[in-house]
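Given next are the chains, with one letter for each unit.
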Amino acid sequence: MSIITIERKVLEKNEAIAAANRKKFKERNIFTMNLVSSPGSGKTSLVERTIAKSKSKIKIAVIEGDVQTDLDAKRVEAFNVPVVQIITSGACHLEANLVRDAFEKFSDNDTELLIIENVGNLVCPATYDLGEDIKVVIASTTEGDDKPLKYPAMFRNSSALIINKIDLLPYVNCSIEQLKRNALAINPSLKIFQTSCTTDEGIDKWIEWLESIVKSR
Amino acid sequence: MHELSMANEIIEIVNQYVADDKKHLVKNIKVKVGRFSNILPDSLSFCFDAIIQSTSYTNVKLKIEEVALEIICDQCKSKNNIEPYSFTCPACGSAQIKLVSGSELTVEEIELEEEE
Ligand SMILES: Nc1nc2c(ncn2[C@@H]2O[C@H](COP(=O)(O)OP(=O)(O)O)[C@@H](O)[C@H]2O)c(=O)[nH]1
Ligand SMILES: [Mg+2]
Ligand SMILES: [Zn+2]
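Keep in mind that what you see is a predicted model, and the values were worked out from it rather than measured.

> Help me out: how do you make sense of the coordination of the magnesium ion (ligand 2) in this one?
In an ideal tetrahedron of four donors about a metal, each angle is 109.5 degrees. In an ideal octahedron of six donors, the angles are 90 or 180 degrees. All names here are of chain A. Protein coordination at the magnesium ion (ligand 2): the donors are T44 (OG1), D72 (OD) and E117 (OE), at 2.1 Å from the metal. Along the chain, the residues donating to the magnesium ion (ligand 2) are arranged with the sequence spacing T-x27-D-x44-E. Highlighted residues: T44 in helix α2 (residues 43-54) and D72 in helix α3 (residues 71-77), separated in sequence by 28 residues. Of the two residues, T44 and D72, neither departs from the other in class, the shared state being buried.

Here it is as C-alpha cells:
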C-alpha cells in the first residue's frame with residue numbers, strides 16, 4: 001500500500017469563487033443578502049414588500065434562484081428593479097459560480113443592495129457560501145416552532161431570522177416564544193423580526209434595520 | 001441533495017492525484033465529515049457508490065471519519081462535545097462559545113495498492 005496525503009476541503013472550489021464574489025461586491029460597494037427558507041415561507045413576498053418600501057431610498061437588484069421556473073423573477077420585475085433569474089435545473093441550492101454568472105448580467109452599476117433569493121430548502125444552501133454579507137432565514141408560523149432545532153446549520157449561519165405569516169398565528173400550532181427560544185439556543189446573536197407580508201405588520205422594523213446596515217456598509 | 005455534488009467534488013479532487021491508468025489501484029479514499037458540516041455520512045456513501053460505477057475507480061471504498069462537534073466556552077474555558085441542536089456550554093450553560101471542530105469536510109488521503 002502507498003498513501004498520498006491530500007488534506008483539501010471538498011468545497012474549496014465554491015469557497016474560492018465565493019471569496020472572489022465577496023471581493024467584487026465590496027469593490028462595487030454593494031451589500032449582499034442571501035435569503036433562505038423552506039419553500040413557501042415567504043421569500044419572494046418579503047422581497048416584494050422590501051422593494052415596495054425601500055426602492056425610493058436604496059438601489060436594489062435581485063437574483064432569483066429557482067429549481068424550474070421564472071415565476072418569482074416575474075413577480076419581482078413588476079416592481080421595476082433589475083432582476084436576473086437563475087434556474088438550477090433540479091439542483092436544490094445556489095452555488096457561488098451561478099451567482100457570479102448571474103451578477104455579470106446586470107447592466108446597472110449603482111446597486112446598493114443585492115438580494116439573492118435562494119432555492120427553497122433549509123439544508124443545502126447552508127453549506128454553500130455565495131459571497132454574501134449576510135444570510136437571512138425566514139421561518140413562517142405555519143411551519144411550527146421546531147425548525148431551528150431541525151436545521152441548526154442554517155440558523156447558526158444566519159444573521160437575522162424573520163418569523164413570517166404572523167397574521168396566521170390564531171390558526172396555527174406555533175408558539176412565537178418557543179420558536180425564538182429555539183432559534184436563540186442555536187444562535188444567541190440572531191436578530192429576530194416578526195412580520196406579515198399580507199398585512200405589512202412588522203415590515204417597517206425589518207426595513208429600518210435593513211436600511212441601516214446597508215447604509216453603514 | 002447536495003451529497004451528490006460533494007461526492008463529485010471528492011472524485012474531482014482525487015483525480016488530480018491519480019493518473020488514469022492508476023485509478024483501479026486506489027483502494028481507499030479517506031474523508032473527514034464533521035457532525036456540523038450539514039452532510040449525512042450515509043447519504044454521502046450512497047451517492048459516492050452510485051457515481052463511482054461510471055469511473056475507472058473499480059476497487060475504491062469511501063472511508064468516512066466522523067468528527068465530533070467540539071466547542072470551547074468563552075466563560076469557563078472548558079472544552080466539550082455537544083450535539084448540533086444545542087449551542088450552549090454543558091459545563092456552565094453559557095451561550096458564548098466557539099467551535100473547535102465539527103464543521104470540516106475534507107479529503108484526507110488516498111491509499112493505493114502496489115502494481116503487480
Ligand atoms: N397569510 C400569509 N401568507 C403569506 C405571507 N407571506 C407570504 N404568504 C403567502 O405564502 C405563499 C408563498 O409565498 P412566497 O413568497 O412565494 O414564498 P417563497 O417560496 O418562500 O418565495 C404565497 O401564497 C404568499 O402569498 C404572510 O405573511 N401571511
Ligand atoms: Mg420564491
Ligand atoms: Zn462554560
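> Would you mind going over the interface of chain B and chain A with me for this structure?
Accessible area lost upon the coming together of the parts serves often as the stated size of an interface. Listed by partner, the interface residues are 33 residues for chain B and 28 residues for chain A. Both faces considered, chain B and chain A share a buried interface measuring about 2800 Å² in area, 60% of it formed by carbon and sulfur atoms. Among the ionic pairs, K13 of chain A bridges to E9 of chain B, the shortest N-O distance being 3.6 Å. Applying the counting rule to chain B against chain A returns 17 residue pairs in polar contact (both at pLDDT 80 or more). If you list the elements that add at least two residues to the side of chain B that touches chain A, you get α1 (3-15), β1 (26-34), β5 (97-101) and β6 (105-112) of chain B. Of the residues assigned to the side of chain B that touches chain A, the class counts are 17 nonpolar, eight polar and eight charged. Across six bridges, strand β1 (residues 2-9) of chain A lies against β6 of chain B in antiparallel orientation. Each bridged residue has a counterpart across the sheet, and for R8 of chain A the counterpart in β6 of chain B is V107 of chain B.

> Before we go on, may I ask you to explain the packing of helix α1 (residues 12-27) of chain A against helix α4 (residues 96-104) of chain A in this structure?
Two packed helices can be described by the angle between their axes and the distance between those axes. Residues and elements named next belong to chain A. Remark: α1 packs on α4, axes separated minimally by 8 Å, with the N-to-C direction vectors making an angle of 35°. Crossing of α1 over α4 shows left-handed handedness. Facing α1, whose interface residues are N14, I17, A18, N21, K24 and F25, α4 presents A96, N97, V99, R100, F103 and E104. Here the contact of α1 with α4 is built from residues that sort into six nonpolar, three polar and three charged.

> Is there a simple way to explain the coordination of the zinc ion (ligand 3) in this structure?
Residues and elements named next belong to chain B. For the zinc ion (ligand 3), every protein donor is listed as C73 (SG), C76 (SG), C89 (SG) and C92 (SG), and the spread of their distances is 2.3 to 2.4 Å. For the zinc ion (ligand 3), the four donor atoms in the first shell make angles of 104 to 114° at the metal, a pattern classed as tetrahedral. When its relative accessible area of 34% is taken as the criterion, C76 is described as partly exposed.

> Looking at this structure, I do not really get the site of ligand 1. What am I missing?
Residues and elements named next belong to chain A. Surveying the vicinity of ligand 1 reveals 17 residues, the closest of which are K43, S45, D167, C197 and T198. T44 has a polar side-chain atom sitting 2.8 Å from an oxygen atom of ligand 1. Between ligand 1 and T198 there is a distance of 2.6 Å, counted from a nitrogen atom to a side-chain nitrogen or oxygen. Surface burial for ligand 1 is 71%, taken as the share of its 580 Å² of free accessible area covered by protein chains. Counting residues per element, the shell around ligand 1 draws most heavily on α2, at three residues. For the shell around ligand 1, the per-class residue count stands at three nonpolar, nine polar and five charged.

Criteria and thresholds
- Residues numbered from 1 in each chain as written.
- Chains lettered and ligands numbered in written order.
- Predicted model: local features only at pLDDT ≥ 70, side-chain atom pairs only at ≥ 80, totals over all residues.
- Heavy atoms only, no water.
- Donors = N, O, S within 2.8 Å, 3.2 Å for Na, K, Ca; no water.
- Helix = DSSP H or I, 4+ residues; strand = E, 2+ residues; numbered from the N terminus.
- Buried < 20%, exposed > 50% of the residue type's maximum accessible area, 1.4 Å probe, protein only.
- Contact = heavy atoms within 4.5 Å.
- Buried area = accessible area lost by both parts, 1.4 Å probe.
- Salt bridge = Lys/Arg side-chain N within 4 Å of Asp/Glu carboxyl O.
- Polar contact = N/O pair within 3.5 Å; in protein donor to acceptor, adjacent residues only side chain to side chain.
- Nonpolar A, V, L, I, M, F, W, Y, C, P; charged D, E, K, R; others polar.
- Pairing = 2+ DSSP bridges.
- Axes fitted to C-alpha atoms, helices over the stretch in contact; angles between N-to-C directions.
- Left-handed = near helix turned anticlockwise from the far one by under 90°.
- Tetrahedral: all angles 85-135°; square planar, octahedral: opposite > 155°, others 65-115°.
- Near = heavy atom within 4 Å.
- Areas by Shrake-Rupley, 256 points an atom, 1.4 Å probe, with all protein chains shown as cover.

Spatial relationships are all this shows, so hold off on functional conclusions.
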